[in-house]
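# Per-entry structural report
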Amino acid sequence: MGRLMKGSIVGGLFLWGLASLSGDLIRAVSAQSTGSISGRVMISRDAPQLRKLEITKDKEKCGTERFADDLVVSADRGVKNAVVSLIGVKGSGVKTDKNVVLDQKGCAFTPRVVVAPAGAPVDILNNDGILHNVHTYSTKNTPINKAQPGFKKKMTETFGQPEIIKLTCDAHPWMVGWIVVTDHPYAVPTDGAGSFKLTDVPPGIHKMEVWHETLGKLTKEVTVKTGEDAKVTFELVKN
Ligand SMILES: [Cu+2]
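Residues numbered from 1 in each chain as written. Predicted model: local features only at pLDDT ≥ 70, side-chain atom pairs only at ≥ 80, totals over all residues. Heavy atoms only, no water.

## Focus on the sheet that holds strand 7 (residues 113-117)
A sheet is described by the order of its strands in space; here 5 strands give the open sequence 7-13-12-9-10, paired in mixed fashion. The open sheet terminates on both sides in strands that have one partner only, identified here as strand 7 and strand 10 (145-148). In this sheet, neighbouring strand axes are inclined to one another by 25° on average, regardless of whether the strands run parallel or antiparallel. Looking at chain direction, strand 9 (residues 132-137) and strand 10 are connected through 4 bridges and run antiparallel. Opposite Val 134, over in strand 10, you have Lys 146 as the bridge partner. (Pairing = 2+ DSSP bridges. Helix = DSSP H or I, 4+ residues; strand = E, 2+ residues; numbered from the N terminus. Axes fitted to C-alpha atoms, helices over the stretch in contact; angles between N-to-C directions.)

## Details of the pairing of strand 12 (residues 163-169)
Most of strand 12 is tucked away: 5 of the 7 residues are buried. The sheet contact formed by strand 9 and strand 12 spans 4 bridges and is antiparallel. Within strand 12, the residue paired with Val 134 across the bridge is Cys 169. With 6 bridges joining them, strand 12 and strand 13 (residues 176-182) adopt antiparallel strand pairing. (Buried < 20%, exposed > 50% of the residue type's maximum accessible area, 1.4 Å probe, protein only.)

## Thoughts on the coordination of the copper ion
Every protein donor of the copper ion is listed here as His 132 (ND1), Cys 169 (SG), His 172 (ND1) and Met 175 (SD), and their distances to the metal cover 2.0 to 2.7 Å. Angles of 99 to 130° at the metal separate the 4 donor atoms of the copper ion, which places the site in the tetrahedral class. Coordination of the copper ion draws on donor residues from a single chain, spaced H-x36-C-x2-H-x2-M in sequence. (Donors = N, O, S within 2.8 Å, 3.2 Å for Na, K, Ca; no water. Tetrahedral: all angles 85-135°; square planar, octahedral: opposite > 155°, others 65-115°.)

## Brief notes about the confidence of the model for the protein
Considering every residue of the protein, the mean pLDDT works out to 88; 85% of them sit at 70 or more. Confidence drops under a pLDDT of 50 for residues 9-15, and excluding neighbours within four residues, the segment shows 1 contact in the predicted structure. In this model, residues 17-29 is a region of pLDDT below 50 whose contacts with residues beyond four sequence positions or in other chains number 0 contacts. (pLDDT = per-residue confidence, 0-100. Contact = heavy atoms within 4.5 Å.)

## So, the state of the cysteines
One pass over the full model with this rule turns up 1 disulfide. Between the sulfur of Cys 62 and that of Cys 107 lies a disulfide, 2.0 Å long from S to S. Because the sign of the S-S torsion sets the handedness, a value of about -55° for the bond joining Cys 62 and Cys 107 places this disulfide among the left-handed ones. Here the residue Cys 62 occupies a position in helix 2 (residues 59-62), and Cys 107 occupies one in the loop between strand 5 (100-104) and strand 6 (109-110), the gap between them amounting to 45 residues. Owing to a relative accessible area of 3%, Cys 62 belongs among the buried residues under this scheme. (Disulfide = S-S within 2.5 Å.)

## Quick look at the side chain of Glu 157
Secondary-structure assignment places Glu 157 in strand 11 (residues 154-158). In this structure the side chain of Glu 157 is engaged in a polar contact, spanning 2.7 Å, whose partner is the side chain of Lys 146. (Polar contact = N/O pair within 3.5 Å; in protein donor to acceptor, adjacent residues only side chain to side chain.)

## Digging into the environment of Lys 146
Relative to the assigned elements, Lys 146 resides in strand 10. As for Lys 146 and His 132, which are separated by 14 residues in sequence, their C-alpha atoms are 8.6 Å apart. Not counting residues within four places of it along the chain, the set of residues in contact with Lys 146 comprises His 132, Asn 133, Val 134, Met 155 and Glu 157.

## With respect to the pairing of strand 16 (residues 204-212)
Sheet analysis places strand 4 (residues 83-87) next to strand 16, joined by 5 bridges and oriented antiparallel. By the bridge assignment for strand 16, Ser 85 is matched with Glu 209. Note that strand 16 and strand 17 (residues 216-224) share 9 bridges and pair antiparallel. Looking across to strand 17, one finds that Val 210 is bridged to Leu 218.

## Notes on the sheet that holds strand 15 (residues 195-201)
The 3 strands are arranged 15-1-18 in an open sheet whose pairing can be described as mixed. Two strands lie at the open edges of the sheet, namely strand 15 and strand 18 (229-236), each paired on one side alone. Neighbour to neighbour, the strand axes of the sheet diverge by 20° on average, direction disregarded. When strand 1 (residues 35-43) meets strand 15, the two strands line up antiparallel, connected through 5 bridges. Bridge pairing in strand 15 places Ser 38 opposite Lys 197.

Here it is, written out as structure tokens:
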């Protein structure tokens with residue numbers, strides 16, 4: 001190998017090393033210039049008794065015994081499927097390249113609540129192999145009312161305007177879901193423990209909102225500091 005070639009390989013490796021180092025540095029700096037918010041959404045009193053749903057058809061796919069999942073509460077009062085978001089904040093753009101997936105599984109929307117960036121494709125799946133009929137109730141986005149026969153495994157829809165959209169199935173009256181369309185990346189549903197985490201939040205004082213389909217809304221103010229995780233607990237009142 002000639003000296004020149006050897007030199008250029010070494011030089012190339014050096015430059016590559018420098019480039020990856022600067023990439024790491026940029027990532028580290030941007031992580032350091034933001035903070036995060038984590039916490040839980042709780043209910044003010046013990047969970048109410050589960051309500052039994054009446055399954056009237058397609059029992060081989062839908063099952064015979066189902067309980068309502070409009071209010072799912074953990075043993076220590078954490079509320080699942082609430083959406084925590086920042087309000088009045090402009091993000092650095094929402095990522096619309098990844099499809100949001102909403103399945104119809106065992107005659108239930110799964111997950112029941114999804115967050116969808118405005119303009120992002122939402123794949124509505126039907127793996128039950130039976131007729132579902134997706135029906136949305138929206139005012140800012142054009143409502144959808146479409147039959148999805150068993151053979152149609154996927155329908156892709158987009159929602160351009162921020163809005164909380166209720167979703168039902170006209171074939172199975174107990175099926176309810178929600179698509180929360182946002183124009184910023186700071187929105188997330190709570191998990192089974194009622195926990196949430198918002199990351200890459202710009203430092204400053206932010207107004208936060210939690211929404212839950214049966215417990216309503218609550219707002220709070222939070223101060224986010226660079227490199228720190230602000231803790232917030234919401235307590236939604238169940239009358
Ligand atoms: Cu259905």
